[in-house]
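The residues making up each chain are set out below.
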Amino acid sequence: PNCYSDSFERIKLKGEGEVVTYTIIHVPTIEFQEMVPYGFVVVKLDEGVNFVGITKNYEKLKVGQRVKVKFEMAEYKYVPGLPRRARIFVEPVET
């Protein structure tokens, strides 16, 4: 964590992992007002990387549950001129 290296390696992630923790958001930032309530989820991917994402399927969430991470490109509605960025969504894996 303190090496300050600028050497990176790109790796492809499968995008599946387990829920580490989550919380339900009822008072969102302006960007997510149309989605409330929603779950804010921390996921540990199978490759060992932690991700945070959001889900509308929060009623079904459980710590340790298998989930898949999906990306959706979105515009900044409330801050004109900023580039598009990815929103990260978490959905349960069907077993």
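Everything below is about the structure printed above this text.
Of the regular secondary structure elements, the protein holds 0 helices and 5 strands. Listing the helices and strands of the protein from first to last along the sequence gives β-β-β-β-β. A principal-axis box enclosing the C-alpha atoms of the protein has dimensions of 40 × 40 × 25 Å. The burial tally for the protein puts 28% of its 95 residues in the buried class. When contacts within the protein are restricted to residue pairs at least 6 apart in sequence, long-range pairs at least 24 apart make up 49% of them. Put simply, the protein shows about 7,000 Å² of open surface, and 56% of that area lies on carbon and sulfur atoms. When the 14 basic and 13 acidic side-chain charges of the protein are each reduced to a single mean position, those positions are 2 Å apart.

The next point concerns the side chain of Gln-65. Structurally, Gln-65 is set in the loop between strand 3 (50-55) and strand 4 (66-74). Within the structure, the side chain of Gln-65 is placed 3.0 Å from the backbone nitrogen of Lys-62, a separation counted as a polar contact. Filtering out sequence-adjacent residues up to four positions away, Gln-65 remains in contact with Gly-17, Glu-18, Val-19, Lys-60 and Pro-92.

Conventions adopted
Every residue gets a number counted from 1 within its own chain, in the order that chain's sequence is written. A pLDDT threshold of at least 70 governs which residues receive local features in this predicted model, and a stricter bar of 80 or more applies before side-chain atom pairs are shown or counted, although totals over entire chains, interfaces and linings include all residues. Water and hydrogen atoms were dropped before computing side-chain values, which therefore reflect all heavy atoms in the structure. Strands here are runs of E lasting at least two residues and helices are runs of H or I lasting at least four, both read from the DSSP assignment and numbered beginning at the N terminus. Exposed residues in this analysis have more than 50% of their type's maximum accessible area, buried residues have under 20%, and partly exposed residues fall in between, with area computed by a 1.4 Å probe over protein chains only. The criterion used for residue contact is that any of the two residues' heavy atoms lie within 4.5 Å. In this description, accessible areas are obtained by the Shrake-Rupley approach with a 1.4 Å probe, and a residue is regarded as covered only by the protein chains that are shown. Positive charge is attributed to Lys and Arg, negative charge to Asp and Glu, and no charge count is given to His or to the chain ends. Every charge is mapped onto a representative atom, which is NZ of Lys, CZ of Arg, CG of Asp or CD of Glu. Under this definition, polar contacts are N or O atom pairs within 3.5 Å; protein pairs additionally need one hydrogen-donor-capable and one acceptor-capable atom, and for neighbouring residues in sequence, both atoms have to be side-chain atoms.

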